[in-house]
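Now for the letters of each chain:
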Amino acid sequence: MRRIHTKAMQQFEKEHINAVRTISPECMVLLKNEGVLPLDRTGKIALYGSGARNTIKGGTGSGDVNIRHFVNIEEGLENAGFEITTKAWLNAYDEILDKAKRIFAEELKVKAKESGMPLFMFLMGKTVPEPDYELLPEGEGDTAIYVLARNSGEGTDRADVPGDIRLTETEIRDICILNERYEKFLLVLNVGGMVDISPVKDVKAVLLLSQPGIAAGDALADVIIGKAYPSGKMTMTWTAVSDYPSANDFGDINDTFYREGIYVGYRYFDRTGKTPVYPFGYGLGYTTFSVETKRLEADTKTVTVTVAVKNTGKAAGKEVVQVYYSAPEGRLDKPYQELAAYAKTGELEPGMEQEMSVSFDLASMSSFDEESASYVLEKGRYYIRVGNCSRNTHIAGAVELDRDAVTEKVRNICEGIVVDEKQFLNTPISYEGEADEMAGAYVIEIEAGEIACAEHTYSEDTCALPLDEIILWEDVKKGKRTTEEFAASLGDEQLAYLCIGAYKDAGAGGGAGVIGNAGMLVAGAAGETTHRLDDIGMEGLIMADGPAGLRLSTCYTLGEDGMAKSATMPFSTGLEDYMEIPEMERLKEAMKKQVEDAGEQVYYQYSTAIPVGTAIAQSWSEEVCSACGDIAGREMELFGVNLWLAPGLNIQRSPLCGRNFEYYSEDPVISGNISAAITASVQKHAGCGTTIKHYMCNNQETNRFFSNSVVNERAIREIYLKGFEICVRKTQPHALMTSYNLLNGEHTCSSKALLKQILRDEWGFEGIVMSDWRVTSSMRKNNGKYSCASAAGCVKAGNDIIMPGGDEDRNDILSALNDGAHPYPLNRGDLTACAKRICDMVLKLHGVI
Ligand code: BGC
């Protein structure tokens, strides 16, 4: 760990900003381009729209990153040599926005009071709706760019209204006028989640910039002038909110029924033959490609497609080859197609060709059969499709099974759950020539009897007795004693402390550290393991938020106890300045004084904002993931962080989820592969691990601590768990965070089925499990029928650490140890099992094993 004493920009910052600038174009999706991009010269440009100057680098909440300087689009274009002719418009817009924020803040104050929630909590995820206004768009030049921005964040879902998911009348009017008036017109979407751009989708050019982090403006300028090219593809289907299968089943404060089952995203749109505005997997470039299947090979384990991709256009580019499969209808209903694997080419110059082999496990085409609690490849023909978009795939051949094959046997986790599922009777999509392709397909026959079936042993709990002996942590580090013995030697109270995070105040659920400047080992970290075992020499684990980089305080001082005290706010909702929150004002004053008093002893931590989750996924690129993981890992090493609270890989079930920008896709294969690639790259750094989150079905923010996702087991396993499974099996992330929501009536953090049976016994997860922040706090305001999670319930289920923890948690755990009537009675074995896993992780991340 290095303490940086000077405010001057460090070499690592420069390198990381350059890296983000280089990868950002791969995350951008070119949605339409009628000869507008790239521009052949710089010069005068008319720049408009909410994101032109107020560009959004990433969303709000824990996914936000505190950085030194952010290049917005206005600055990026000027850096590239453009002369912006609309300064007056941009200045006038700033005034309008400022006024809108003031009005919005007044409304929020009233609503917060009515809700009874503390103002700061109430503000979470609230973003000012885009206002309407009359400003004449009359800038000089023959080229105009309109940047449409939207923001969102944890704590609040989005709304299908003008100014959020929909465009305002002003936006529609101005975009249409500009498209007519200027010879060249580009609509740039500076959004993390979906916007319904149907009213303006026919303009000359549309680029999904997304929220690409620290170098947004420079990277956009690079793409506009052709120094770089966009090569991203959509990872979520975009269309009107009312057309999604979740449209009437989202945002209930108690029970949200996932009535679409496995038909999420393109699985639904393909199955029902609906045409979305932008399909899954879609994206253009500055050139064109042909994708030709060369070979299909398959055996009882693996399917491999070899393709030749050729650049058939006039500019350089990269293409994403997408391989889907269509499973045969049997007893189980099947989607039209499902993504099996994908690969991105290297940079191809015009005329250049690259041959690539894309492989996937034969068993990954299995469906989950609830009745027999097993994964089954039903007999029949599995068509393998290859293309560059879900709506442009062609049959590469087929694999045929003579009879059903069971590929994995498990235990059911949802007995008794009945979801009234929607039936889809419409005709699925098709295309001209599909029937002929199917009839003429090259077929590889596989004998079902030769396919292996995975089985699992489900471990039972043991009750470890106390070991009446003092075991030195030093001896554990030297390998003389085991972590199991060490855990068994700890007293009940020590064990309880180990299973909750570091907390200072006595209030329920702690409180220090989140918005304040409480002392911690790393300023602005989201949490740490307990300090109550410091006297026996046990090191701690420090956790910092993600996923868009490391969220830390940019400036801090050191106390006499060696603890770091934030001197800048680690957490901001972006609206505090409009709210006059007395506690916040006092805190800022105290921080100012703290810096003055510290004299020379002031330190700086400028981390790098990488692209938001969805943007990274849109690259469909392992290299981009590695670059992002490397930036995070390097900064973790530098600032002394052990666990990054990222990646976030919940499924983008509905466009209304306020945290979609943090997540990757509506598809689990992408979510799993992207999080695995990032994890692998972070964990190459000594002492660093990822914390994949939020396990699982955390698909809405409305009443997020008490909302119950009601889902059938097939959808749980095939859609919502799949990404986590891929990531765990491929890369063993060091930690996993459970979610706030309940699943089928049980908090995920106290679900033995999810944590023990599936995560550890079926997938072999070796890391630690932590709760999401304050999930057990009874102080939290609940509007609905479910109560908060229980700390004892967490321990019983194997949710090793309750974060950040508080006296209430400790008391709950200790009382559950002695009270058989407690809703989650504990024995010491439950506690020592969690404690042992924490000890193992401390050894691992401190370089002992
Ligand atoms: C979020 C998590 C985050 C944690 C710590 C919670 O509110 O849901 O994603 O990691 O806070 O900041």
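Everything below is about the structure shown above.
Quantities reported herein were computed from a predicted structural model and do not represent experimental measurements.

Cut-offs applied
The numbers attached to residues start from 1 for each chain and follow its sequence in the written order. Given that the model is predicted, a residue must reach a pLDDT of at least 70 before its local features are reported, and side-chain atom pairs must reach 80 or more before they are shown or counted; all residues, however, enter totals for whole chains, interfaces and linings. Side-chain figures throughout are based on the complete set of non-hydrogen atoms in the structure, without hydrogens or water. Strands here mean DSSP runs of E at least two residues long; helices mean DSSP runs of H or I at least four residues long; both are numbered from the N terminus. Just to be clear, the radius of gyration here is over C-alpha atoms, and the globule rule we use is 2.2 Å times residues to the power 0.38. Relative accessible area decides the class of each residue, using a 1.4 Å probe on protein chains only: under 20% of the type maximum gives buried, over 50% gives exposed, and in between gives partly exposed. We call two residues in contact when some of their heavy atoms are within 4.5 Å. All accessible areas in this document rest on Shrake-Rupley with a 1.4 Å probe, and a residue is counted as covered only by the protein chains that are shown. Pairing between strands is defined by DSSP: at least two bridges between them are needed. Every angle, taken between N-to-C directions, lies between 0 and 180 degrees, and every axis is a line fitted to C-alpha atoms, over only the stretch in contact when it is a helix. Each Phe, Tyr or Trp ring (for Trp, its six-membered ring) is paired with any other whose centre lies within 6.5 Å, and the angle between the two planes then decides the class: stacked below 30 degrees, edge-to-face above 60, tilted in between. Counted as over-ring charges are cases with an Arg CZ or a Lys NZ within 6 Å of the ring centre that also lie within 35 degrees of the ring normal. As defined here, a cavity is a set of points on a 1 Å grid over the protein atoms alone where a 1.4 Å probe fits but cannot get out. A pocket is an open set with protein on both sides within 12 Å along at least five of seven lines, and residues line them when an atom is within 4 Å of a point. Grid points are joined across faces, edges and corners, and a volume is the space filled by probe spheres set on the points. Three classes are used, and their members are as follows: Ala, Val, Leu, Ile, Met, Phe, Trp, Tyr, Cys and Pro are nonpolar, Asp, Glu, Lys and Arg are charged, and the others, Gly among them, are polar. Only a single heavy atom is needed: when it lies within 4 Å of a molecule or strand, its residue is near that molecule or strand. Within 3.5 Å is the distance limit for a polar contact, defined as a pair of N or O atoms, with the added protein rule that one can donate a hydrogen and the other accept it, and that residues adjacent in sequence qualify only through two side-chain atoms. By definition in this entry, angles of less than 35 degrees are roughly parallel, angles greater than 145 are roughly antiparallel, angles of 65 to 115 are roughly perpendicular, and the rest are oblique. The hand of a helix crossing depends on one turn: near helix anticlockwise from the far one by less than a right angle means left-handed, and clockwise means right-handed. In plain terms, two cysteine sulfur atoms within 2.5 Å form what is called a disulfide here. Patch membership requires more than 30% relative accessible area and the absence of a salt bridge. Residues of like charge join within 9 Å; the nonpolar side chains Val, Leu, Ile, Met, Phe, Trp and Tyr join within 5 Å. Salt bridges are defined as contacts in which a side-chain nitrogen from Lys or Arg sits within 4 Å of a carboxyl oxygen from Asp or Glu. Just so you know, the count uses Lys and Arg for positive and Asp and Glu for negative, and it drops His and the chain ends. Where a charge lies is defined by one atom per residue type, namely NZ (Lys), CZ (Arg), CG (Asp) and CD (Glu).

**Student:** I tried to follow the overall build of the chain on my own but got confused; where do I start?
**Tutor:** Looking only at helices and strands, the chain has 21 helices and 30 strands in total. Here the chain has a C-alpha radius of gyration of 27 Å; the compact-globule value for 849 residues is 29 Å, and the two agree. Along the longest, intermediate and shortest principal axes, the C-alpha atoms of the chain span 80 × 75 × 50 Å. Looking at the chain residue by residue over its 849 residues, the buried ones come to 63%. In the chain, 79% of the contacts between residues at least 6 apart in sequence involve partners at least 24 apart. In the structure as shown, the chain presents an accessible area of about 30700 Å², 49% of it carried by carbon and sulfur atoms.

**Student:** When you look at the sheet that holds strand 1 (residues 29–33) in this model, what are you seeing that I'm missing?
**Tutor:** Backbone-to-backbone hydrogen bonds pair the strands of a sheet. The strands run either parallel or antiparallel. If you walk across this open sheet you meet the 6 strands as 1-6-5-4-2-3, and the pairing is mixed. Only two strands of the sheet have a single partner each, and these edge strands are strand 1 and strand 3 (83–84). Contacting strand 2 (44–48), strand 4 (143–149) and strand 5 (184–190), helix 5 (residues 169–181) runs over the sheet at an angle of about 160° to strand 4.

**Student:** Got a minute to help me understand the sheet that holds strand 13 (residues 367–369) in this structure?
**Tutor:** Read across the sheet, 3 strands follow the order 13-14-17 without closing on themselves; strand pairing throughout is antiparallel. Each edge of the open sheet is held by one strand with a lone partner, namely strand 13 and strand 17 (405–409). For this sheet, the mean angle separating the axes of adjacent strands, direction not counted, is 35°. Relative to strand 13, helix 16 (residues 713–720) is tilted by about 155°, and along the sheet it contacts strand 13 and strand 14 (374–377).

**Student:** Please clarify how the packing of aromatic side chains should be interpreted in this entry.
**Tutor:** Taken as a whole, this structure holds 25 aromatic pairs when the rule is applied. Their ring planes at 75° and their centres at 6.0 Å tell us that Phe12 and Phe639 sit as a pair that is edge-to-face. Taken together, the residues span a long stretch of sequence, with Phe12 in helix 1 (residues 11–27) and Phe639 in helix 14 (residues 622–639) at a distance of 627 residues. Of the residues examined, Phe12 reaches a relative accessible area of 6% and is grouped as buried. Its relative accessible area of 1% is what places Phe639 among the buried residues. Arranged with centres 5.1 Å apart and planes meeting at 80°, the rings of Tyr342 and Trp620 form a pair that is edge-to-face. Pair noted here: Tyr342 is in strand 11 (residues 338–344) and Trp620 is in the loop between helix 13 (613–618) and helix 14, with a separation of 278 residues, a long-range link. Here the two residues Tyr342 and Trp620 agree in accessibility, since each one is buried. Grouped by ring-pair contacts, the aromatic residues Tyr244, Tyr263, Tyr268, Phe269 and Phe424 constitute a single cluster. The cationic tip of Lys126 hangs over the ring face of Phe122; the distance from NZ or CZ to the ring centre is 4.4 Å. Here Arg653 stacks its cationic end above the ring of Tyr258, 3.9 Å away from the centre of that ring.

**Student:** How should empty space enclosed by the protein be read in this particular structure?
**Tutor:** Taking a probe equal in size to a water molecule and rolling it over the atoms shows the remaining empty space. Within this structure, the stated rule accounts for 7 cavities of 30 Å³ or more. Approximately 70 Å³ is the volume attributed to the largest cavity. Around the largest cavity, the lining residues are Gly192, Gly193, Met194, Leu208, Met234, Thr235, Met236, Trp238, Thr614, Gln618 and Gln652. Partitioning the lining of the largest cavity into residue classes produces 5 nonpolar, 6 polar and no charged. Looking at the second largest cavity, its volume works out to about 50 Å³. Split into classes, the residues belonging to the lining of the second largest cavity amount to 5 nonpolar, 3 polar and 2 charged.

**Student:** Even after reading the chapter, I still don't get the site of the ligand, so can you show me in this structure?
**Tutor:** Around the ligand sit 14 residues, and of these Glu154, Asp545, Arg659, His694 and Asp772 come closest. Here Arg659 contributes a side-chain N or O atom positioned 2.7 Å from an oxygen atom of the ligand. Within the side chain of Asp772, an N or O atom sits 2.6 Å from an oxygen atom of the ligand. Surface burial for the ligand is 94%, taken as the share of its 310 Å² of free accessible area covered by protein chains. Among the residues forming the shell around the ligand, the class breakdown is 5 nonpolar, 2 polar and 7 charged.

**Student:** Whenever I open this one, the packing of helix 14 against helix 15 (residues 668–682) confuses me. Can you help?
**Tutor:** Helix packing for two helices is described by the angle between their axes and how far apart those axes are. As a packed pair, helix 14 and helix 15 sit with axes 7 Å apart at the nearest point and diverge in direction by 40°. With respect to their mutual orientation, helix 14 and helix 15 come out oblique. Considering how the two elements wind past one another, helix 14 and helix 15 form a crossing that is right-handed. Here Glu622, Cys625, Ser626, Gly629, Asp630, Ala632, Gly633 and Met636 of helix 14 come into contact with helix 15, specifically with Ile674, Ala677, Ile678, Ser681 and Val682.

**Student:** Before we go on, may I ask you to explain the pairing of strand 21 (residues 555–558) in this structure?
**Tutor:** Strand residues, when the strand is regular, have side chains that alternate between the two faces of the sheet. In terms of strand pairing, strand 21 meets strand 23 (residues 602–604) through 3 bridges, oriented antiparallel. The residue bridging Cys555 from the neighbouring strand is Tyr604, located in strand 23. The sheet contact formed by strand 21 and strand 22 (residues 564–566) spans 3 bridges and is antiparallel. If you follow Tyr556 over to strand 22, its bridge partner there is Ser566. Between strand 21 and strand 22, which pair antiparallel and follow one another directly, the connecting turn spans 5 residues, one of which, Gly562, has a positive phi of 85°.

**Student:** Help me understand the environment of Ala632, please; the structure alone is not making it clear to me.
**Tutor:** The topology assignment puts Ala632 in helix 14. Residues Ala632 and Met803 lie 171 residues apart in sequence; the distance between their C-alpha atoms is 22 Å. Every residue in contact with Ala632, bar those within four places of it in the chain, is listed here: Leu550, Trp644 and Val682.

**Student:** I would appreciate a short explanation of the state of the cysteines in the present structure.
**Tutor:** One way to say it: the disulfide is the covalent bond shared by the sulfur atoms of two cysteines. Counted by the stated rule, this structure contains 0 disulfides. Free of any disulfide, Cys657 has its nearest cysteine sulfur in Cys697, 12 Å distant.

**Student:** Please explain a negative patch on the surface as it appears in this structure.
**Tutor:** A grouping of Asp402, Glu445, Glu447 and Glu450 is seen on the molecular surface, where their side chains present a negatively charged patch. Looking at where Glu445 falls in the secondary structure, it is placed in strand 18 (residues 443–446). On the basis of relative accessibility, which here comes to 69%, the residue Glu445 falls in the exposed class.

**Student:** How do you make sense of the pairing of strand 14 when you look at a structure like this?
**Tutor:** Side chains Ser374 and Val376 project from strand 14 onto one buried face, and the interleaved Tyr375 and Leu377 project onto a second face that is buried too. In terms of strand pairing, strand 13 meets strand 14 through 3 bridges, oriented antiparallel. Bridge pairing in strand 14 links Asp369 to Ser374. What sits between the antiparallel neighbours strand 13 and strand 14 is a turn of 4 residues, in which Ala373 has the positive phi angle 50°. Note: strand 14 against strand 17, 4 bridges, orientation antiparallel. Residue pairing across strands places Leu377 opposite Ala405, the latter belonging to strand 17.

**Student:** How do you make sense of unusual backbone geometry when you look at a structure like this?
**Tutor:** One can expect most non-glycine residues to show negative phi and most peptide bonds to be in trans. Across the junction of Leu37 and Pro38, the peptide omega takes the value -10°, indicating a cis bond. You can see Pro38 is positioned in the loop between strand 1 and strand 2. In this structure, the amide linkage connecting Lys693 to the following residue, His694, adopts the cis form with an omega of -10°. By the element assignment, His694 lies in strand 25 (residues 689–695).

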